[in-house]
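Fold and contact review
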Amino acid sequence: MLTMLDKTDLGPLSVSRLALGAMLFGGNVEESLSRQLLDQYVAAGGNFIDTANNYSFWTAYAGSSEDLLGRWLKDRGRRDDLVIATKVGALPNRAGAGLEDIEGLGRTAIMRGIDSSLRRLGTDYIDLYYAHIDDRTTDLEETLAAFNALVQAGKVRAIACSNMAVWRIERARQLSRQHGWAEYAGLQQHFSYFRPRPDSDLKRNAVMGLRGGWGTEAGLRGQHLDYIRFNPDFRAVAYTPMLRGAYADPSRLEPAYRTEDNDKRRAALEAVAGETGATPSQVVIAWLLHSTPAIIPLVAASTPAQLAENIAGAGLTLSAEQMAHLDGAA
Ligand SMILES: NC(=O)c1ccc[n+]([C@@H]2O[C@H](COP(=O)([O-])OP(=O)(O)OC[C@H]3O[C@@H](n4cnc5c(N)ncnc54)[C@H](OP(=O)(O)O)[C@@H]3O)[C@@H](O)[C@H]2O)c1
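All values derive from a computational prediction rather than experimental measurement. (Residues numbered from 1 in each chain as written. Predicted model: local features only at pLDDT ≥ 70, side-chain atom pairs only at ≥ 80, totals over all residues. Heavy atoms only, no water.)

Quick look at the overall build of the protein chain
The helix and strand inventory of the protein chain stands at 11 helices and 10 strands. Against the 2.2 N^0.38 benchmark of 20 Å for 330 residues, the protein chain shows a C-alpha radius of gyration of 19 Å, consistent with a compact globule. Based on the C-alpha atoms only, the size of the protein chain along its principal axes is roughly 50 × 40 × 40 Å. Among the 330 residues that make up the protein chain, the fraction classed as buried is 56%. With an accessible surface of roughly 13600 Å², the protein chain has 53% of that area assigned to carbon and sulfur atoms. If the 35 positive side-chain charges of the protein chain are averaged to one point and the 39 negative ones to another, these points end up 2 Å apart. (Helix = DSSP H or I, 4+ residues; strand = E, 2+ residues; numbered from the N terminus. Rg over C-alpha atoms; globule rule 2.2 N^0.38 Å. Buried < 20%, exposed > 50% of the residue type's maximum accessible area, 1.4 Å probe, protein only. Areas by Shrake-Rupley, 256 points an atom, 1.4 Å probe, with all protein chains shown as cover. Lys, Arg positive; Asp, Glu negative; His and termini not counted. Charge placed at Lys NZ, Arg CZ, Asp CG, Glu CD.)

A closer look at the UniProt feature "domain: NADP-dependent oxidoreductase" (unreviewed entry) in the protein chain
Taking the UniProt record as the reference, the feature "domain: NADP-dependent oxidoreductase" (unreviewed entry) is found at residues 17-203 and 227-328. Counted over residues 227-328, helix gives 49% and strand 9%. Its end C-alpha atoms are 21 Å apart. (UniProt positions renumbered as here; feature names shortened; annotations may be inferred.)

Section: the pairing of strand E7 (residues 156-162)
With six of seven residues buried, E7 is to be regarded as a mostly interior element. Two strands pair when backbone bridges link them, and strand E6 (residues 126-131) and E7 are joined in this way by five bridges, in the parallel orientation. Bridge pairing in E7 places Tyr129 opposite Ile159. Read as a crossover between parallel neighbours, the route from E6 over helix H4 (residues 140-152) to E7 is right-handed. Summarising the sheet, E7 and strand E8 (residues 186-190) pair through two bridges and their orientation is parallel. Of the residues in E8, the one forming a bridge with Ser162 is Gln188. Regarding the hand of the β-α-β motif, the stretch spanning E7, helix H5 (residues 166-179) and E8 is right-handed. (Pairing = 2+ DSSP bridges. Right-handed = clockwise from strand over helix to strand, strands pointing away.)

Examining unusual backbone geometry
The omega torsion across Tyr55 and Ser56 is -20 degrees, close enough to zero to call that bond cis. Here Ser56 shows up in the loop between strand E4 (48-50) and helix H2 (64-76). In this structure, the amide linkage connecting Thr292 to the following residue, Pro293, adopts the cis form with an omega of -5 degrees. When you line up the elements, Pro293 lands in the loop between helix H9 (280-290) and strand E10 (296-299). Positive phi, normally seen in glycine, also occurs at Arg78, with a value near 45 degrees. The topology assignment puts Arg78 in the loop between H2 and strand E5 (83-88). Phi at Asn163 takes a positive value of approximately 55 degrees, unusual for a residue other than glycine. Turning to its location among the elements, Asn163 is positioned in the loop between E7 and H5.

Section: the pattern of salt bridges
Oppositely charged side chains can form a pair if their charged atoms are brought close together. This structure, assessed with the given rule, holds 18 salt bridges. Here Arg76 ties to Asp81 by a salt bridge, and the two come within 4.0 Å at their closest N and O atoms. A salt bridge links Asp127 to Arg157, with the nearest nitrogen and oxygen atoms 2.8 Å apart. On the criterion of sequence distance, the pair formed by Asp127 in strand E6 and Arg157 in strand E7 is long-range, its members being 30 residues apart. In this structure Asp127 comes out as buried when scored by relative accessible area, which is 0%. (Salt bridge = Lys/Arg side-chain N within 4 Å of Asp/Glu carboxyl O.)

Notes on the environment of Met164
As for its placement among the helices and strands, Met164 is situated in the loop between E7 and H5. Separated by 31 residues in the primary sequence, Met164 and Ile133 place their C-alpha atoms 6.3 Å from one another. Among residues more than four places away in sequence, those in contact with Met164 are Asp134, Leu140, Ile169, Tyr184, Leu187, Gln189 and His224. (Contact = heavy atoms within 4.5 Å.)

Considering the nonpolar core
Phe48, Tyr184 and Tyr193 are the most contacted members of the largest nonpolar core, which totals 100 residues. Broken down by element, this core gets its largest block of residues, seven residues, from H9. (Core = buried A, V, L, I, M, F, W, Y, C linked by side-chain atoms within 4.5 Å.)

Let's talk about the packing of helix H1 (residues 31-43) against H2
Relative orientation of the contacting elements H1 and H2 amounts to 55 degrees, with a least axis distance of 11 Å. One way to sum up the angle between H1 and H2 is to call them oblique. Where H1 crosses over H2, the two elements pack in a sense that is right-handed. On H2, the residues touching Glu31, Ser34, Arg35, Leu38, Asp39 and Val42 of H1 are Leu68, Leu69, Arg71, Trp72, Asp75 and Arg76. For the contact of H1 with H2, the per-class residue count stands at five nonpolar, one polar and six charged. (Axes fitted to C-alpha atoms, helices over the stretch in contact; angles between N-to-C directions. Parallel < 35°, antiparallel > 145°, perpendicular 65-115°, else oblique. Left-handed = near helix turned anticlockwise from the far one by under 90°. Nonpolar A, V, L, I, M, F, W, Y, C, P; charged D, E, K, R; others polar.)

Written out as structure tokens, the structure is:
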């Protein structure tokens, strides 16, 4: 049986099969509880912790999550045991601005971003540095050259992208190869067992314009999954895999997921949960990990009980029949 303790490769990194999101730490989740959850995750064998330079400007301030992680890392020590991922590109340009006015992925933003993240985290290297968005206003080569310079300087161990269209991923990787630069080792995208309506989120993305989009539209879709399947060196990390608690509490399901397709998926989930004695949330985590190729769930939790449940989900074994049942529900 595989558990969260088992590691998997992501580029040159060895990461736990379940990643922990720190987006709400230092914001919605206050400091002592955030530290408790971080300690719980690490004590269970987890090493893969995710933040961003803009978390969470909407509840606290941009950098509050990195600041909290920095204080926790300082008290904890043993920095090298952990894989710290952070992101650049989606920091609002001024206090009070939202995602419609963000820094983007030009060289200046990246060079400023890395030094700010290193300072807040109190470390001299980031394990995994993400391009947070798909910035269509900046030349890809400029972004990739800047990321490569960070790898060369030892400030970053590996790079990855997030919320990016599949053709842009392939173009970026080709460019990096042509230049002999570090290339994106993976993708962090919105993904879960339930599937959003195909036309969902278009309005939100129209607001985002040329600097990418978030949410269901930026999720892992058929083409991304196809790309990942045939590029085994390129790993996928799924954010918001719990649909913010909607598997435990169906009333939380966003309108984009209220479909007949997902009614059938919920029935399959509940059947497999019944067979295994697991919760639907745990079956979703196990489904991601059992998929081909395996997808790394990037979960968050706001209570120790939720986190314990999610960690146990990474240890749940699903049979081939159960996977076929889940995959076939539509
Ligand atoms: N790359 C990107 O653009 C991007 C975007 C979003 C997030 N992320 C990353 O992904 C991480 C996770 O994102 P997320 O917080 O949106 O996703 P999530 O894991 O789907 O949702 C977390 C929330 O779901 C509820 N929950 C979690 N486990 C549960 C359980 N076992 N039972 C019942 N409820 C449970 C809790 O809500 P309550 O607190 O309400 O109970 C928890 O705060 C973030 O921390 C961040 O690192 C990345």
